[in-house]
Amino acid sequence: MEPAKEEESSVQDEAVDKSNFKNCNHIAFYRRQKLLHPGKSLYQALLDSVTLCNDSVKLQIINEKNKVPLLVEIYAIEGNIFRLKINEVSPLKSRYEVPDVLIKEPTTQRLSIAQKEGDILVLTCAGDDRKLHITANPFQIELESKGETILSVNTNGLLYFEHLQPPPQNSKTTAQKKEDTSTDSSQENQEDLGLWQEKFGRFLDIKANGPSSIGLDFSLHGCQHVYGIPEHAETLLLKNTSDDDAYRLFNLDVYGHKIHDKMGIYGSVPFLLAHKPNRTSGIFWMNSSETLVEINTKAVMEHVLSKSPPDITKQRVVPQTDVRWMSESGIIDVFLLLGPTPFDIFKQYAQLTGTQALPPLFSLGYHQCRWNYEDEQDVKAVDTGFNEHDIPYDVIWLDIEHTEGKRYFTWDKKKFQHPKRMQKLLKRKKRKLVVIIDPHIKVDPVYTLYSQAKKKGYFVKDRKGQDFEGICWPGSSSYLDFTNPEVREWYADQFAFKSYKGSTDILFVWNDMNEPSVFKGAELTMQRDAVHHGNWEHREVHNLYGFYQQMATAEGLIRRSRGQTRPFVLTRSFFAGSQKYGAVWTGDNVAKWSYLKISIPMLLTISIAGISFCGADVGGFIGDPEPELLVRWYQAGAYQPFFRGHANIKSKRREPWLFGDENTRIIREAIRERYTLLPYLYSLFYRAHTTGEPVMRPLWVEFPKEQETFGVEDEYMLGNALLVHPVIEQEATTVNVLLPGSDEVWYDFRRFRRLDYPGTLKIPVTLESIPVFERGGSVVPLKTTVGRSTEWMTDISYELRVALDSKDFAIGELYLDDGHSFQYLHKKQFLHRKFTFHKNVFSSSCADEIGQYRTKCVVERVLILGVQKQPTSVTASLQDGKDKEVVFTYDPKTSTLTLEKLLLNVGADWEIHIK
């Protein structure tokens, strides 16, 4: 790479220095909220104010100190969800409420008053056993289902609400004296509390609206295992927090982020899951300003009425997890998801924020990226290298250096003179190109994108009303205001072929730096007092910025194809609901074993927070992986949803064939294994798209009653059928694998050996592969061989891997469509097949009659694992009533029956009878 031009920034300037970022004690609203200690709440409910509406129950609560009334709205939502909103009754001006994250206004159920006497109000929902107990003084809510208290609200009295006030005229105004967070109105104390301005280093944040922080606590009864609230480089199981060590949700560009740190990194999903053996529940705190979450698991005494002798109260010790949410601004708008199963929770959350977009099939293949492929010749050489080394791949990526001086939607005139020709050559090989498009726009009056956006007033403003300017890759930059629907419309139009010169229909997009990243800014991001559409300060919308860029980009790619083709957009910054628009990755990781290890809990946490299409940079973005680490990372990545190798501009080249023949062979095998697995993966993504089930899931999701799974984070389930245990230790010769479920049967996925004794097993490993097990009772569809990319594999035949459970039963499915269009949705052009093995008959039937997709593809081979004795004959019965003998072999060592040369159409009904 040529040296960075003077006005451009280089990554060397921005290697992470922890002092660039705040810890909790630097955050004024956190310090203010921490002045409120657990105890009796200052709020009491005015039960005389209760009104029953068609869709909700409304009541007022009042703070006994400052006498400011708040409006509480409670909604029962279809599908076992409650919503709680708290806002000022009459705020000085509107407070920000998060738009565009919910897919629609949720359908409500009518609440009725079951009891109202003295201090107690009990609400019930027609036709079910859920109850809301509201206590007036102090104000508390308990949520009960089937007589069991699931969670309670404001138990620790930490409801906190700073009402909007007029700015102070001098250092000692009435408003300040009345401010309930402040006991001392001296100038020094005001500054320390950061009410109207807040300092961090050399930066000053001016708060036009003053303090507007909110907070609330929840107690999860019987729970000591909580998960979610990505993104942090932390364990799967959320840890207890201490003072100044809360989980921070604030999207930041943290290059080479630290491990086991609760600081905010690139994305934020304010969704927490709590699990105990008989119930999973969830809290979705819908707020896009900076948010801190404190967690405290403890033992509490519970009083239980004994049945014999009657009415004697016994005590028992039970766990309880208290969760305290604190946000800088906005309103309290929280959804309480009552499950009761993990899959109910995923469905409920998807019902609110949407399901994972169905990815185009090519995007489930392997992606080759680095910062940067130098020029068209380099792209051609790398592409040819994959063919020469017989390694399949689907997409080559171009980072920021492909543009003309970091001007997005352009091409470097020397290095990429013929971008269309380059894409034509890739298309001929049935491959795709992804280019980077960041949200910052170079300040340059002759750059069309900049001049148009400036003229239309489409940039975020500073607090004085001028276009906000910050430093990023191109040097001085302005930032498009994606919170404005008009800007998103205009931005989507920039992807049209006539606007984006040199682009073709195989070009897809990568949105990076969209936290947004502002070099030399406070915490390397945008000033909180910058101003967006609707006159909202940046502090209100910060965590939504990347969400909106990805939304506009996906819309642009759809519009470009006149609504025909599914988009592919990868984003670094994300929020609740980002799953609707594409994929995310875990950002700037490091080529160290510890980062491979932490990538598993990071991806599991993102997955259970609704975003199935996620991955980590294979090999580590920063630094140079040793060959063994690179091999192990490829083996792990092949069994994760998004599979991309990526490297920094200062890293040595690391295409898969540069580490010697032996390592090339093993990496080739890992990538080829990924390609044979695509029918299963694509079917899992269809489930994620239709039901919200995560593709990659923690063990406890599949084994919710097995307590030993609750903290496992070094292995995971891919769908419900495959258990994957990546090798994450250097020079490992064995790994300890937990095969859960006392009545489960497991099979080695490659050698077919049956394991009837679940528990923790010591499994020997070599560099060749990582342990993968198929669960008894499942059917995994595979391709019998691979092609150079996914598009070469359309007509390759299928193998069905049938693993019998202890009752000699198995069930599985296959989803199939054209892999790229929306025809599956608009024209019902898809196939959804169900495979069942029962009583020695293996059958294929239609799982969804609506689907009408024709394919010539056949099932060529069926492997049945766990067949106890050799059959005498095997026959296939076809739809036309004809039977045919089937060629089979039986291996008594592994109890595997292999059926060959079947040539059964994958879209037809048929049965295979084993005698």
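Our structure is the block above this text.
Everything in this summary refers to the structure shown in the same document.

Notes on the pattern of salt bridges
Applying the stated rule across the entire model yields 63 salt bridges. In this structure, Arg539 and Glu328 form a salt bridge, with 2.8 Å as the shortest nitrogen-oxygen distance. Of this pair, Arg539 sits in helix 9 (residues 538–541) while Glu328 is found in the loop between strand 20 (312–327) and strand 21 (332–337), placing the two residues 211 residues apart along the sequence. Each of the two residues, Arg539 as well as Glu328, counts as buried. The shortest N-O distance in the salt bridge between Glu655 and Arg653 comes to 3.2 Å.

A word on the pairing of strand 1 (residues 43–52)
Side-chain positions along a regular strand alternate between the two faces of the sheet. When strand 1 meets strand 2 (residues 57–63), the two strands line up antiparallel, connected through 6 bridges. Each residue of the ladder has a partner; that of Gln44, found in strand 2, is Ile62. Where strand 1 folds back on strand 2, the antiparallel hairpin that results is connected by 4 residues.

What about helix 14 (residues 678–691)?
If you check helix 14, its first and last C-alpha atoms are 19 Å apart, about what 14 residues at 1.5 Å a residue would give, namely 20 Å. Counting buried residues along helix 14, 11 of its 14 residues qualify, which places the element largely inside the surrounding structure. In the segment just after helix 14, Gly692 is the residue with positive phi, at about 80 degrees.

Here's the deal with the packing of aromatic side chains
The description of an aromatic ring pair uses the distance of the two centres, along with the angle that the planes make with each other. Using the criterion set out here, one finds 48 aromatic pairs in the structure. Summarising the aromatic geometry, the rings of Phe409 and Phe495 are spaced 5.0 Å apart at their centres and angled 65 degrees between planes, so their arrangement reads as edge-to-face. You can see Phe409 sitting in the loop between strand 23 (395–398) and helix 6 (419–428) and its partner Phe495 sitting in the loop between helix 8 (485–493) and strand 28 (507–511), a full 86 residues away along the chain. Across the pair, exposure class does not vary: Phe409 and Phe495 are buried alike. Among the aromatic side chains, those forming a connected cluster through ring pairs are Phe362, Trp397, Phe508, Trp510, Phe568, Trp585, Phe613, Phe642 and Phe685. The lysine or arginine in question, Lys430, covers the ring of Trp792, its NZ or CZ lying 4.2 Å from the ring centre. Its end group placed over the ring of Phe508, Arg560 keeps NZ or CZ at 5.4 Å from the ring centre.

Concerning the side chain of Lys432
Structurally, Lys432 can be placed in strand 24 (residues 432–436). Given the relative accessible area of 10%, Lys432 is considered buried. For Lys432, the contacting residues outside a window of four places in its chain are Phe362, Asp394, Val395, Ile396, Leu426, Ile506, Phe508 and Glu791.

Observations regarding the sheet that holds strand 35 (residues 696–697)
Each strand in a sheet pairs with another by means of backbone hydrogen bonds, the pair being arranged parallel or else antiparallel. Ordered by their spatial adjacency, 6 strands build an open sheet running 35-36-37-42-39-40, and the pairing between neighbours is antiparallel. Each having just a single partner strand, strand 35 and strand 40 (754–755) make up the two edges of the open sheet. Looking at chain direction, strand 39 (residues 746–748) and strand 40 are connected through 2 bridges and run antiparallel. Directly across from Tyr747, in strand 40, lies its bridge partner Arg754.

Some words on empty space enclosed by the protein
Any space left empty among the atoms is revealed by the rolling of a water-sized probe across them. Taken as a whole, this structure holds 10 cavities of 30 Å³ or more when the rule is applied. Considering only enclosed or pocket space, the second largest cavity measures out at about 140 Å³ in volume. Taken together, 14 residues make up the lining of the second largest cavity; nearest its centre are Lys22, Asp205, Ala522, Gln527 and Arg528. Tallied by class, the residues present in the lining of the second largest cavity amount to 6 nonpolar, 2 polar and 6 charged.

Notes on the packing of helix 5 (residues 376–388) against helix 6
Here helix 5 crosses helix 6 at 5 degrees, and the two axes come no closer than 11 Å. Judged by the angle between their axes, helix 5 and helix 6 are roughly parallel. Along the contact surface, helix 5 presents Glu376, Val379 and Asp383, while helix 6 presents Pro419, Arg421, Met422 and Leu426. Split into classes, the residues belonging to the contact of helix 5 with helix 6 amount to 4 nonpolar, no polar and 3 charged.

Quick word on the layout of surface pockets
Its boundaries defined by the atoms lining it, the largest pocket holds a volume of some 750 Å³. Within the residue set of the lining of the largest pocket, elements represented by two or more residues are helix 14 and strand 45 (810–816). In terms of residue count, helix 14 provides more of the lining of the largest pocket than any other element does, 3 residues in total. A breakdown of the residues in the lining of the largest pocket according to their chemical character gives 14 nonpolar, 7 polar and 13 charged. One number sums up the size of the second largest pocket: a volume of about 500 Å³. Lining the second largest pocket are 24 residues, and of these Arg697, Glu702, Asn720, Arg775 and Ile811 sit closest to its centre. For the lining of the second largest pocket, the elements supplying multiple residues, two or more each, are helix 14, strand 43 (778–783) and strand 45.

Considering the nonpolar core
Counting residues in each nonpolar core, the largest one holds 191 residues, and the members touching the most others are Phe284, Leu480, Phe568, Tyr639 and Leu718. Top contributing element to this core by residue count: helix 11 (residues 593–608), with 10 residues. Residue contacts for Leu480: discarding those within four places in its chain leaves Pro439, Ile441, Ala453, Tyr458, Phe459, Val460, Val487, Trp490, Tyr491 and Tyr545. Leu47, Ile86, Phe161 and Leu216 belong to the second largest nonpolar core, which has 51 residues in total.

What about the environment of Glu144?
Along the chain, Glu144 turns up in strand 9 (residues 140–145). For the pair formed by Glu144 and Met263, sequence separation is 119 residues and the distance between their alpha carbons is 34 Å. Sequence-distant contacts of Glu144, that is, excluding residues within four places in its chain, are made with Asp129, Arg130, Lys131, His133 and Thr149.

Some remarks on the environment of Gln452
Mapping Gln452 onto the fold places it in helix 7 (residues 448–456). The spatial distance from the C-alpha of Gln452 to the C-alpha of Trp490 is 10.0 Å, given a sequence separation of 38 residues. Each residue touching Gln452, except ones within four places of it in the same chain, is listed here: Trp490 and Gln494. Reaching out from Gln452, the side chain makes a polar contact with the side chain of Trp490 at a distance of 3.0 Å.

Comments concerning the state of the cysteines
Tallied over the entire structure, the rule returns 0 disulfides. Of the cysteine sulfurs around Cys125, a residue in no disulfide, the closest is that of Cys53, at 15 Å. The closest cysteine sulfur to the non-disulfide-bonded Cys472 is located on Cys369, 17 Å from its own sulfur.

Side note on the sheet that holds strand 27 (residues 475–479)
Spatially, 3 strands are ordered 25-27-26 in an open sheet, and the strand pairing comes out antiparallel. The open sheet has two edge strands with one neighbour each: strand 25 (440–442) and strand 26 (469–472). Going across the sheet, the axis of each strand differs from the next one's by a mean of 55 degrees, ignoring polarity. Bridge count for strand 25 against strand 27 is 3 bridges, and the pairing is antiparallel. Following the sheet pairing, Lys442 is matched in strand 27 by Ser477.

Conventions used here
- Residues numbered from 1 in each chain as written.
- Predicted model: local features only at pLDDT ≥ 70, side-chain atom pairs only at ≥ 80, totals over all residues.
- Heavy atoms only, no water.
- Salt bridge = Lys/Arg side-chain N within 4 Å of Asp/Glu carboxyl O.
- Helix = DSSP H or I, 4+ residues; strand = E, 2+ residues; numbered from the N terminus.
- Buried < 20%, exposed > 50% of the residue type's maximum accessible area, 1.4 Å probe, protein only.
- Pairing = 2+ DSSP bridges.
- Expected span 1.5 Å × (residues − 1).
- Phe/Tyr/Trp six-rings, centres within 6.5 Å; stacked < 30°, edge-to-face > 60°.
- Lys NZ or Arg CZ within 6 Å of the ring centre and 35° of its normal.
- Contact = heavy atoms within 4.5 Å.
- 1 Å grid on protein atoms, 1.4 Å probe; cavity = no way out; pocket = protein on both sides within 12 Å on 5 of 7 lines; lining within 4 Å.
- Points joined across faces, edges and corners; volume = space filled by probe spheres on them.
- Nonpolar A, V, L, I, M, F, W, Y, C, P; charged D, E, K, R; others polar.
- Axes fitted to C-alpha atoms, helices over the stretch in contact; angles between N-to-C directions.
- Parallel < 35°, antiparallel > 145°, perpendicular 65-115°, else oblique.
- Core = buried A, V, L, I, M, F, W, Y, C linked by side-chain atoms within 4.5 Å.
- Polar contact = N/O pair within 3.5 Å; in protein donor to acceptor, adjacent residues only side chain to side chain.
- Disulfide = S-S within 2.5 Å.

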